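In case you want the letters, here they are:
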Amino acid sequence: MPRRTIPLAPPGPVRAGETTSRPVRRKPAKPFMERMLDGVERVGNKVPHPVVIFVLLIGLVIILSHVFYMLGASVTYQAVDPQTGEIGEVTTRAQSLLTSDGIRFMFTGVVQNFMSFNAVGVIIVAMLGVGVAEEAGLIKALIHKLVNVAPRAAITYILVFIGIISSIAADAGYLVLIPLAAAAFLSLGRHPLAGLAASFAGVAAVFSVNILIKPLDGILTGITNDAIHILDPSRSIDLTANFWFSVASVLLLTFAVAFVTEKLVEPRLGAYTGERPPAVEGGMSPEESRGLRFAGYGVLATLAVFALLTLPPGAPLRNPETGAIVGDSPFMEGLIVVITILFLAAGWLYGIGARTIRSTVDVVSAMEKAVRGLAGLIFLLFVISQFLAFFTYSNMATLAAVNLGDALETAGLGGLTLLLGFLGAIVILDLIMTGAIPKWAIFAPVFVPLLMRLNVEPEAVLAAYRVGDGPMNAITPLNAYFALIVAFAQKYDPKAGVGTVIALMLPYVLIVLVLWVVLFTVWHLLGLPWGF
């Protein structure tokens, strides 16, 4: 029997007082982590301008310094002098910024505070060379080459790995790699803030380890040996004391940071809707190829000059007393100058080869343009330099560090528990005391001998310190380069602020910290060698 189709009656007119209901499609609810990060970003971006924040913090430090001074707050502890290597008992008292001495310090130290703030000089000097390279088109050509040569699936891993090992060149990663990574992601049609975040995580959160020996290793090892000698004058560790653990950390965290970038950060950011550069498909243009060839000649010539100034015995860039190149030497102290000259030579010669630089006037103009672009950042760094100077003068960071250390020392914990408690204390302190050397100079004389008495190797204590000293660098505004990262982010998102960067970096900090602590714990329990 054939089926009959019964036509539906057409909808009648809607009477007064009646409504028609249509199904409404609701957007799927965001995951908890995404909602939390959105909240962090909203709250963070509602805070005042960073300059205003640090002015308010200066006022808070002034008030608290006087409160602690009136309470007579002080601590006595053993500390290593990084300059002489001697260990002595030190008593530190809270100093008020509202006493006559404190007011004199604030009034007379403004210029000196700014001039002695190392980040200012590093940024300006480095940008002289980077500015020429960028204006000549070298940075763009390098990105074009990277995009064409490297597998697209490997770009994130490559940039993160380079970011981690860039600590061998001190602060160059902040100044060069992070903006380059953002531009590389943009050239690939990916969100530039994801590239910025990935490279920032590599440079900052994993700063304390490397597959190479870097200048910081020499200082940390020296302080550790001085602390060891309190208990055992015949025992010392070498520069490579944490080498195997550092290599394993670099490999694990390279994959972890890349995973967070591609699975968490990029999906949250979504598609980039800002201005995009032309697609970088196809091979290099003849001008770019010639420019890169000339830039290569410039790099080789520059490296040859510095090799002659550094490698021969008695060379002027070696330590005049020990002959060392790595560690305490003119070469390592002036490494940012080497990097600047490399970029200057490469950028200038690239411009000659690609015909984007016609005369020395173009070179000078590129430098002037680079420095002009730093005006807002330099003003912010001026305010930050005053805050850090006032905070250091008050001794509040030292009071907090020693009291935390005393609390852990008297807690009666076992070896591993005490190690993890020590690591946690470093994580907390890193939010307000970002320098790796000052913290270790305070903690090493306390915890290295204490844990040695519990049969914990000093290499393990130093490894725990490296783990605790890294991740928080990516979210603390007291990181000297945090303001620079905000400025880089604003290039792609004018509304970006402190909250934007913290929300971007928080997943990295949490996952890197958890994985790193797990790696450290497993390494310790298995008794694996920390280095050689």
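Note: the structure precedes this text.
Keep in mind it's a predicted model, so treat the numbers as computed, not measured.

Looking at the overall build of the protein
Looking only at helices and strands, the protein features 22 helices and two strands. Within the protein, buried positions represent 49% of all 532 residues. Accessible surface computed for the protein: about 26100 Å², of which carbon and sulfur atoms make up 65%. Put simply, the protein has 34 plus and 33 minus side-chain charges, and the middle of one group is 18 Å from the middle of the other.

Here's the deal with the pattern of salt bridges
Enumeration over the complete set of coordinates arrives at seven salt bridges. A salt bridge links Asp 217 to Arg 466; its shortest N-O distance comes to 3.0 Å. Linking Asp 217 in helix H10 (residues 215-231) with Arg 466 in helix H20 (residues 458-469), this pair joins segments that are 249 residues apart in sequence. Like Arg 466, Asp 217 is buried. Where salt bridges share partners, they join Arg 190, Glu 262 and Glu 266 into one cluster.

Comments concerning the nonpolar core
With 169 residues, the main nonpolar core has Phe 200, Trp 440, Phe 447 and Met 505 as its most contacted residues. Looking at which element gives the most residues to this core, the answer is helix H22 (residues 498-526), with 14 residues. Met 505 has contacts with Ala 197, Phe 200, Ala 201, Ala 474 and Ile 475, leaving out every residue within four places of it along the chain.

Some points on unusual backbone geometry
With the exception of glycine, the majority of residues adopt a negative phi angle, and the majority of peptide bonds are in the trans configuration. Positive phi is not limited to glycine here, since Arg 355 has a value of about 60°. Positionally, Arg 355 belongs in the loop between helix H14 (335-354) and helix H15 (360-372). Taking relative accessible area as the criterion, Arg 355 reaches 47% and is therefore assigned partly exposed. Positive phi, normally seen in glycine, also occurs at Asn 395, with a value near 70°.

As for the packing of helix H5 (residues 118-136) against H14
Axis separation between H5 and H14 bottoms out at 7 Å; the angle between their running directions is 15°. Taken together, the axes of H5 and H14 are roughly parallel relative to one another. You can see that H5 and H14 cross each other, and the crossing is left-handed. Here H5 contributes Val 122, Val 125, Ala 126, Leu 128, Gly 129, Val 130, Val 132, Ala 133 and Ala 136 to the contact with H14, which in turn contributes Ile 336, Thr 340, Phe 343, Leu 344, Gly 347, Trp 348, Tyr 350 and Gly 351. The class makeup of the residues in the contact of H5 with H14 is 13 nonpolar, four polar and no charged.

So, the side chain of Ser 249
As for its position among the elements, Ser 249 is in helix H11 (residues 243-269). The exposure class assigned to Ser 249 is buried, which follows from its relative accessible area of 0%. Dropping the residues within four chain positions of it, Ser 249 is found in contact with Val 209, Trp 516 and Leu 519.

Here's the deal with a nonpolar patch on the surface
Taken together, the side chains of Leu 60, Ile 63, Leu 64, Val 67, Phe 68 and Leu 71 present a nonpolar region at the surface, about 520 Å² in accessible area. Owing to a relative accessible area of 39%, Val 67 belongs among the partly exposed residues under this scheme.

Examining the environment of Ser 246
Along the polypeptide, Ser 246 turns up in helix H11. Between the alpha carbons of Ser 246 and Val 209 there is a distance of 5.1 Å; along the sequence they are 37 residues apart. Beyond its immediate stretch of four places on either side in the chain, Ser 246 contacts Val 209, Asn 210 and Arg 466.

Brief notes about the packing of aromatic side chains
By convention here, two paired aromatic rings are described through the distance between centres and the angle between planes. Counted under the stated rule, the structure contains 23 aromatic pairs. Arranged with centres 5.4 Å apart and planes meeting at 75°, the rings of Phe 243 and Phe 532 form a pair that is edge-to-face. With Phe 243 in helix H11 and Phe 532 in the segment after H22, this residue pair connects regions lying 289 residues apart in the sequence. Site record: aromatic cluster; members linked through ring pairs are Phe 422, Trp 440, Phe 443, Phe 447 and Tyr 465. The ring of Phe 185 carries the charged tip of Arg 190 above its face, separated from the ring centre by 4.0 Å.

A word on the packing of helix H18 (residues 415-429) against H22
Following both chains from N to C, one finds H18 and H22 inclined at 155°, their axes separated by 12 Å at the closest point. Relative to H22, the element H18 lies roughly antiparallel. H18 and H22 meet at a crossing whose hand is right-handed. Taken together, the residues of H22 that come into contact with H18 (itself represented by Leu 416, Leu 419, Leu 420, Leu 423 and Val 427) are Leu 513, Val 517, Phe 520, Thr 521, His 524 and Leu 525.

Procedures and definitions
Residues numbered from 1 in each chain as written. Predicted model: local features only at pLDDT ≥ 70, side-chain atom pairs only at ≥ 80, totals over all residues. Heavy atoms only, no water. Helix = DSSP H or I, 4+ residues; strand = E, 2+ residues; numbered from the N terminus. Buried < 20%, exposed > 50% of the residue type's maximum accessible area, 1.4 Å probe, protein only. Areas by Shrake-Rupley, 256 points an atom, 1.4 Å probe, with all protein chains shown as cover. Lys, Arg positive; Asp, Glu negative; His and termini not counted. Charge placed at Lys NZ, Arg CZ, Asp CG, Glu CD. Salt bridge = Lys/Arg side-chain N within 4 Å of Asp/Glu carboxyl O. Core = buried A, V, L, I, M, F, W, Y, C linked by side-chain atoms within 4.5 Å. Contact = heavy atoms within 4.5 Å. Axes fitted to C-alpha atoms, helices over the stretch in contact; angles between N-to-C directions. Parallel < 35°, antiparallel > 145°, perpendicular 65-115°, else oblique. Left-handed = near helix turned anticlockwise from the far one by under 90°. Nonpolar A, V, L, I, M, F, W, Y, C, P; charged D, E, K, R; others polar. Patch = residues over 30% accessible without salt bridge, like charges linked within 9 Å, V, L, I, M, F, W, Y side chains within 5 Å. Phe/Tyr/Trp six-rings, centres within 6.5 Å; stacked < 30°, edge-to-face > 60°. Lys NZ or Arg CZ within 6 Å of the ring centre and 35° of its normal.

This is a description of form; function is not addressed.
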